[in-house]
Structure formats: structure tokens, C-alpha cells
Amino acid sequence: MFIPLDKDNIICLANVAAIIRADGGAVVLRTDGRRVSVPFSPINLAKRHLKLAADGERRRELILEKTSKGAIS
């Protein structure tokens, strides 16, 4: 599972040890010991993850639909 952090960065939850609320956002503690400050609260990070997952599912359904109709081979 992935969480978009900003326009160009995402983080894999397999690499996350904890997400801690901080002033004006959150700190993501990675399993390798690094810390990543993000401008989103933990709740907003969860919402971003759910949106990314839902968008991916919609794209998968569209591809399957087009494939079954022969539009994509």
C-alpha cells in the first residue's frame, strides 16, 4: 500500500514504522530510521491513501472493460 506525500513523492507503507502528528502536519518514521516531515495530518494521509487506491481500482475496471470489448489487445 502506498501514500502520496506530495505531487512527486509516495511512500510504501511496508517502509513505515510510524506516522506521528506534528505541528502543522506529520512525521513519517521509516523502518530504516529516516524521518520524513509532511504537511499533512495522519488523518489526511489516510484519506490520500484511500483516494489513490480508489483511483487505481477505477482504472483497473476501465482497462478490464476495454480489454473485454477488444479495444485493447
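Predicted, not measured: the structure shown is a model, and the values here were computed from it.

Criteria and thresholds
Residues numbered from 1 in each chain as written. Predicted model: local features only at pLDDT ≥ 70, side-chain atom pairs only at ≥ 80, totals over all residues. Heavy atoms only, no water. Helix = DSSP H or I, 4+ residues; strand = E, 2+ residues; numbered from the N terminus. Rg over C-alpha atoms; globule rule 2.2 N^0.38 Å. Buried < 20%, exposed > 50% of the residue type's maximum accessible area, 1.4 Å probe, protein only. Contact = heavy atoms within 4.5 Å. Lys, Arg positive; Asp, Glu negative; His and termini not counted. Charge placed at Lys NZ, Arg CZ, Asp CG, Glu CD. Patch = residues over 30% accessible without salt bridge, like charges linked within 9 Å, V, L, I, M, F, W, Y side chains within 5 Å. Areas by Shrake-Rupley, 256 points an atom, 1.4 Å probe, with all protein chains shown as cover. Salt bridge = Lys/Arg side-chain N within 4 Å of Asp/Glu carboxyl O. Expected span 1.5 Å × (residues − 1). Pairing = 2+ DSSP bridges. Axes fitted to C-alpha atoms, helices over the stretch in contact; angles between N-to-C directions.

Asker: Please clarify how the overall build of the protein chain should be interpreted in this entry.
Answerer: Per the secondary structure count, the protein chain includes one helix and five strands. Starting at the N terminus, the α and β elements of the protein chain follow one another as β-β-β-β-β-α. A compact globule built from 73 residues would reach a C-alpha radius of gyration of about 11 Å, whereas the protein chain, at 16 Å, exceeds it by more than 25%. By principal-axis analysis of the C-alpha atoms, the protein chain measures approximately 50 × 25 × 15 Å. Across the 73 residues that make up the protein chain, the buried fraction comes to 19%. Within the protein chain, counting contacts between residues at least 6 apart in sequence, those at least 24 apart form 20% of the total. Looking at charge distribution, the protein chain has the averaged site of its 13 positive side-chain charges lying 1 Å from that of its 8 negative ones.

Asker: What is the right way to read a nonpolar patch on the surface from this model?
Answerer: A surface patch of nonpolar side chains, amounting to about 280 Å² of accessible area, comprises F2, I10 and L52. Position of I10 relative to the elements: it lies in strand 2 (residues 10-12).

Asker: Sorry if this is basic, but what is going on with helix 1 (residues 42-68) here?
Answerer: Each α-helix turn comprises 3.6 residues. Residues three or four places apart therefore point the same way. Under the 1.5 Å per step criterion, the end-to-end length of helix 1 is 39 Å for 27 residues, consistent within 8% with the ideal 39 Å. Burial in helix 1 covers these residues: L45, H49 and D55.

Asker: Would you explain the pairing of strand 5 (residues 35-38) in this entry?
Answerer: Looking down a regular strand, the side chains alternate between one sheet face and the other. Bridging between strand 4 (residues 25-30) and strand 5 involves four bridges; their strand directions are antiparallel. What sits directly across from V28, in strand 5, is V36. Between strand 4 and strand 5, which pair antiparallel in sequence order, lie four residues; one of them, G33, sits at a positive phi of approximately 95 degrees.

Asker: Would you take a moment to explain the pattern of salt bridges for this structure?
Answerer: Close approach of charged atoms lets side chains of opposite charge pair. All told, the structure shown has five salt bridges when counted by the stated rule. Note that R34 is salt-bridged to D32, the shortest N-O span being 2.9 Å. Under the relative-accessibility criterion, D32 is labelled partly exposed at 44%. The salt bridge involving R60 is made with E57; its shortest N-O contact spans 3.0 Å. Taken together, the positions of R60 and E57, both in helix 1 and three residues apart, correspond to about one turn of that helix. We classify R60 as partly exposed; its relative accessible area is 43%. When its relative accessible area of 32% is taken as the criterion, E57 is described as partly exposed. Salt bridges sharing common partners tie together R30, D32 and R34.

Asker: What should I look at first to understand the sheet that holds strand 5 in this one?
Answerer: One open sheet accounts for three strands, arranged 3-4-5; its pairing is antiparallel. If you trace the sheet from one side to the other, it starts and ends with strand 3 (16-22) and strand 5, each paired once. Averaged over neighbouring strand pairs, the angle between their axes works out to 20 degrees when direction is ignored.

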